[in-house]
Amino acid sequence: AQSVAQPEDQVNVAEGNPLTVKCTYSVSGNPYLFWYVQYPNRGLQFLLKYITGDNLVKGSYGFEAEFNKSQTSFHLKKPSALVSDSALYFCAVREGDGNKLVFGAGTILRVKS
Amino acid sequence: DGGITQSPKYLFRKEGQNVTLSCEQNLNHDAMYWYRQDPGQGLRLIYYSQIVNDFQKGDIAEGYSVSREKKESFPLTVTSAQKNPTAFYLCASSIQAGKETQYFGPGTRLLVL
């Protein structure tokens, strides 16, 4: 069965500094990987996904993520953090053509000015 | 304006009462999903539907029921058998089940009186 780990409950970063939110996964086939962001009392917003192709995926709001097959990781990155990036971030994985999306526990990102 | 709507935003349930959460989408998506979100646990899949008049149990279906009589609607009933219903409930849809991106509604917060 597939699984996702987000090893950090919270990440703190100063505005203007680069940020990284970590995600590792476990699947038996080819992974389809997703990042979502959630603001308080709101639904999840899609940021980006990796299906196949280039290992560096660019998404919404200046975010990008790098797929690393050997390390089974899909870390979310942004070159320069904004205070408005402060939110809860979820990594998710779907295994091949399966119908289920499995989510990590989430990482709170706090960007301080 | 296309999207996914959920109602109500807040819902209160009394002991022994069944309550129904609404989810409607006008995106012409075939697949729809219900997730439960609890603090620190990420999202867990309750039920999903790949097509009208068909649905499958997710990881935590006990105490819940669904129907899919129309393509645009996927209501979730929280029955009295669900002993710990307090949570944030999120509905999602995708063009098809499988590798397509899931898009989320704004959520319904269910509280027990």
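Here, every reference points to the structure presented above.
Keep in mind it's a predicted model, so treat the numbers as computed, not measured.

Q: Please provide a residue-by-residue account of the overall build of chain A, values included.
A: Per the secondary structure count, chain A includes zero helices and twelve strands. Helices and strands in chain A line up, N terminus first, as β-β-β-β-β-β-β-β-β-β-β-β. Scaling as 2.2 N^0.38, a compact globule of 113 residues should have a C-alpha radius of gyration of about 13 Å, and chain A matches this with 13 Å. For chain A, the C-alpha atoms occupy an extent of roughly 40 × 30 × 20 Å along the three principal directions. Within chain A, buried positions represent 46% of all 113 residues. Partitioning the intrachain contacts of chain A with sequence separation of at least 6 by distance along the chain shows that 56% fall at a separation of at least 24. For chain A, the computed accessible surface area is about 5,400 Å², with 47% contributed by carbon and sulfur atoms. Charge-centre separation for chain A: the mean point of 11 positive side chains lies 4 Å from the mean point of 9 negative side chains.

Q: Hey, could you go over the packing of aromatic side chains for me, with residue numbers and the actual values?
A: Working definition: an aromatic ring pair is given by the centre-to-centre distance plus the angle between the planes. Here the structure, examined in full by the defined rule, presents 17 aromatic pairs over all chains. Note on B:Tyr33 and B:Tyr35: the rings are 6.4 Å apart at their centroids and 25° apart in plane angle, and the pair reads as stacked. In this pair, the class of B:Tyr33 matches that of B:Tyr35, namely buried. Each member of the aromatic cluster is reached from another via a ring pair, and the members are A:Phe34, A:Tyr36, A:Phe46, A:Phe90, A:Phe103, B:Tyr33, B:Tyr35, B:Tyr48, B:Tyr103 and B:Phe104. Above the ring of A:Phe63, the side-chain terminus of A:Lys78 is found at 5.0 Å from the ring centroid.

Q: Let's hear about unusual backbone geometry: which residues, and what values?
A: Following B:Ser7, the chain continues into B:Pro8 via a peptide bond in cis, with omega recorded as -10°. Relative to the helices and strands, B:Pro8 resides in the loop between strand S1 (4–7) and strand S2 (10–13). Look at A:Asn41: it is not a glycine, yet its phi comes out positive at around 55°. One can find A:Asn41 in the loop between strand S5 (31–38) and strand S6 (44–50). The partly exposed category is assigned to A:Asn41, whose relative accessible area is 42%.

Q: Please set out the nonpolar core residue by residue, giving values where relevant.
A: In this structure, A:Trp35, A:Leu47, A:Leu48, A:Phe74, A:Leu76 and A:Tyr89 are the most contacted members of the largest nonpolar core, which totals 28 residues. Only strand S2 (10–14), strand S3 (19–21), S5, S6, strand S8 (64–68), strand S9 (73–78), strand S10 (87–95) and strand S12 (107–112) of chain A provide two or more residues apiece to this core. Looking at this core, the element that brings in the most residues is S10(A), giving four residues. Discounting chain neighbours no more than four positions away, the residues touching A:Leu47 are A:Trp35, A:Tyr36, A:Val37, A:Gly59, A:Ser60, A:Tyr61, A:Phe63, A:Leu76 and A:Tyr89. If you look at the next biggest cluster of nonpolar residues, it comprises 19 residues, including B:Ile4, B:Leu21, B:Met32 and B:Tyr89.

Q: Pulling in residues and values, what's your account of the interface of chain A and chain B?
A: Residue-level contacts link 22 residues of chain A with 24 residues of chain B. It is A:Asn41, A:Asn99 and A:Lys100 that lose the most area in chain A upon contact with chain B, and together they represent 30% of the buried surface on that side. Our count for the contact surface shared by chain A and chain B stands at one salt bridge. For the salt bridge of A:Lys100 with B:Asp59, the shortest nitrogen-to-oxygen distance reads 2.5 Å. Between the two partners, chain A and chain B, sit seven residue pairs in polar contact (both at pLDDT 80 or more).

Q: So what's going on with the pairing of strand S6 (residues 54–57) of chain B? Which residues, and what values?
A: Here strand S5 (residues 43–51) of chain B pairs with S6(B) via three bridges, running antiparallel. Note that in S6(B) the partner of B:Ile51 across the bridge is B:Asp54.

Q: Would you mind going over the state of the cysteines in detail, with residue names and values included?
A: Residue and element names in this part refer to chain A. Under the definition given, this model contains two disulfides over all chains. The side chain of Cys 23 participates in a disulfide bridge whose partner is Cys 91; the two sulfur atoms lie 2.0 Å from each other. Because the sign of the S-S torsion sets the handedness, a value of about -65° for the bond joining Cys 23 and Cys 91 places this disulfide among the left-handed ones. With Cys 23 in the loop between S3 and strand S4 (24–26) and Cys 91 in strand S10, this pair connects stretches of sequence that are 68 residues apart.

So, how was this worked out
- Residues numbered from 1 in each chain as written.
- Chains lettered and ligands numbered in written order.
- Predicted model: local features only at pLDDT ≥ 70, side-chain atom pairs only at ≥ 80, totals over all residues.
- Heavy atoms only, no water.
- Helix = DSSP H or I, 4+ residues; strand = E, 2+ residues; numbered from the N terminus.
- Rg over C-alpha atoms; globule rule 2.2 N^0.38 Å.
- Buried < 20%, exposed > 50% of the residue type's maximum accessible area, 1.4 Å probe, protein only.
- Contact = heavy atoms within 4.5 Å.
- Areas by Shrake-Rupley, 256 points an atom, 1.4 Å probe, with all protein chains shown as cover.
- Lys, Arg positive; Asp, Glu negative; His and termini not counted.
- Charge placed at Lys NZ, Arg CZ, Asp CG, Glu CD.
- Phe/Tyr/Trp six-rings, centres within 6.5 Å; stacked < 30°, edge-to-face > 60°.
- Lys NZ or Arg CZ within 6 Å of the ring centre and 35° of its normal.
- Core = buried A, V, L, I, M, F, W, Y, C linked by side-chain atoms within 4.5 Å.
- Buried area = accessible area lost by both parts, 1.4 Å probe.
- Salt bridge = Lys/Arg side-chain N within 4 Å of Asp/Glu carboxyl O.
- Polar contact = N/O pair within 3.5 Å; in protein donor to acceptor, adjacent residues only side chain to side chain.
- Pairing = 2+ DSSP bridges.
- Disulfide = S-S within 2.5 Å.

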